[in-house]
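Architecture at a glance
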Amino acid sequence: MSDVDEFDEIEATLPVVREKRNINDIHVQKEKILTLEDIEGIDNDMEIDCDKEEELTFNEKEKKSGVIYLQTVPPLYNVAKVREVLSRYGKINRIHLTVDTKRKSNNPKIRHYKEGWIEFVDKKEAKSCAKSLNCTLVGGKRRHVAADSMWAMKYLKGFKWSHLIEQLNYEKNVERKRLNMEMSKARKEASHFTEQVDKGKSLKKLEEKVLKKGGLWERYQKQITQRKLVTQQKKTKSEETAKSEDFMHLIFDKK
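Model, not experiment: these values are computed from the prediction.

1. Here's the deal with helix H5 (residues 161-212)
Since the α-helix advances by 3.6 residues per turn, residues separated by three or four positions end up pointing in the same direction. With 52 residues, H5 extends 77 Å from end C-alpha to end C-alpha; this agrees with the ideal 76 Å at 1.5 Å per step. For H5, the set of buried residues is Trp-161, Leu-164 and Glu-207. Two residues or fewer after H5 comes Gly-214, characterised by a positive phi angle close to 90°.

2. Some points on the layout of surface pockets
The computed volume of the largest pocket comes to approximately 410 Å³. For the largest pocket, the lining is made up of 16 residues, of which Thr-98, Lys-114, Glu-115, Leu-168 and Glu-171 are closest to its centre. Going through the elements one at a time, strand E2 (92-99), strand E3 (113-120) and H5 are the ones with two or more residues in the lining of the largest pocket. At 7 residues, H5 tops the list of elements feeding residues into the lining of the largest pocket. Taken together, the residues of the lining of the largest pocket break down into 7 nonpolar, 5 polar and 4 charged.

3. Describing a positive patch on the surface
Where like charges cluster on the molecular surface, the positive patch consists of Lys-124, Lys-127, Lys-131 and Lys-157. For Lys-131, the location among the structural elements is in helix H4 (residues 123-133). We classify Lys-131 as exposed; its relative accessible area is 72%.

4. Notes on the pairing of strand E4 (residues 152-156)
Of all 5 residues making up E4, 4 are buried, and the element is well covered by its neighbours. Sheet topology places strand E1 (residues 66-72) next to E4; 5 bridges connect them, and they run antiparallel. Of the residues in E4, the one forming a bridge with Thr-72 is Ala-152.

5. Examining empty space enclosed by the protein
One pass over the structure, following the stated rule, counts 1 cavity of 30 Å³ or more. Approximately 40 Å³ is the volume attributed to the largest cavity. Taken together, Val-73, Pro-74, Pro-75, Leu-76, Tyr-77, Arg-103, Arg-111, His-112 and Tyr-113 make up the lining of the largest cavity.

6. Observations regarding a nonpolar patch on the surface
There is a patch of nonpolar side chains on the surface, built from Leu-76, Ile-110 and Val-145 and spanning about 240 Å² of accessible area. You can see Leu-76 is positioned in the loop between E1 and helix H3 (79-86).

7. Here's the deal with the pattern of salt bridges
When the charged atoms of two side chains with opposite charge come close together, those side chains can pair. Per the stated rule, a full pass over the model turns up 3 salt bridges. Notably, a salt bridge pairs Arg-178 with Glu-175, separated by 2.3 Å at the nearest N-O pair. Placement of the pair is Arg-178 and Glu-175 together in helix H5, with a separation of 3 residues, close to one helical turn. Judged by its relative accessible area of 37%, Arg-178 falls in the partly exposed class. Within the structure, one salt-bridge network assembled from shared partners comprises Glu-175, Arg-178 and Glu-182.

Criteria and cut-off values
- Residues numbered from 1 in each chain as written.
- Predicted model: local features only at pLDDT ≥ 70, side-chain atom pairs only at ≥ 80, totals over all residues.
- Heavy atoms only, no water.
- Helix = DSSP H or I, 4+ residues; strand = E, 2+ residues; numbered from the N terminus.
- Expected span 1.5 Å × (residues − 1).
- Buried < 20%, exposed > 50% of the residue type's maximum accessible area, 1.4 Å probe, protein only.
- 1 Å grid on protein atoms, 1.4 Å probe; cavity = no way out; pocket = protein on both sides within 12 Å on 5 of 7 lines; lining within 4 Å.
- Points joined across faces, edges and corners; volume = space filled by probe spheres on them.
- Nonpolar A, V, L, I, M, F, W, Y, C, P; charged D, E, K, R; others polar.
- Patch = residues over 30% accessible without salt bridge, like charges linked within 9 Å, V, L, I, M, F, W, Y side chains within 5 Å.
- Areas by Shrake-Rupley, 256 points an atom, 1.4 Å probe, with all protein chains shown as cover.
- Salt bridge = Lys/Arg side-chain N within 4 Å of Asp/Glu carboxyl O.
- Lys, Arg positive; Asp, Glu negative; His and termini not counted.
- Charge placed at Lys NZ, Arg CZ, Asp CG, Glu CD.
- Pairing = 2+ DSSP bridges.

This is the structure in structure tokens:
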């Protein structure tokens, strides 16, 4: 049996289509070809949605968090040690300790800190930590330097980590501006000094030329008002008092 005979048999079994399809009824669903702009728009929408979700979660976390202010950091305590001690009272998120630049140690690895901020995940834990540790001994080993020092901390109501970052940035900008002003002042003074030195050298050369030619040169002398001696001041004061007394006698003496 050939292939043609098999095809004829299969064709005989197929249903006969007597009516033709109307072309107007045929609709081809075209797939939209995505351009780069469409893809970027979809990505941006997804990123915006993700950012909104992240912002909501971040704001919620920040509302629940609480910040403690450390007025004094125990000696030889660093971020790791503070986290180790205070993490007993709750989960700690972030810690910031400011370095005391005035205090210097022989060991460059050791840093001294003067104050700090600790952010707890839960504000209730931060409050309980501040209440329980404030004005209490640090403790630990007896021979440790910080054993006899005391905790000085306070829970900052309504204070968040974003406020701390703003304050630190503001202080940095102020310090930078102050340094720039001092540098500009020093530059002006140095330039003025060099100008005066150059002026003095040129005047000296001019004086030498004039004197060589036999001319006259009057040197500039500063007009300095000399202070009077103490004895002279006392004399003038006594004379003034005597005059005033004589004048009063003339007025009030009985005739």
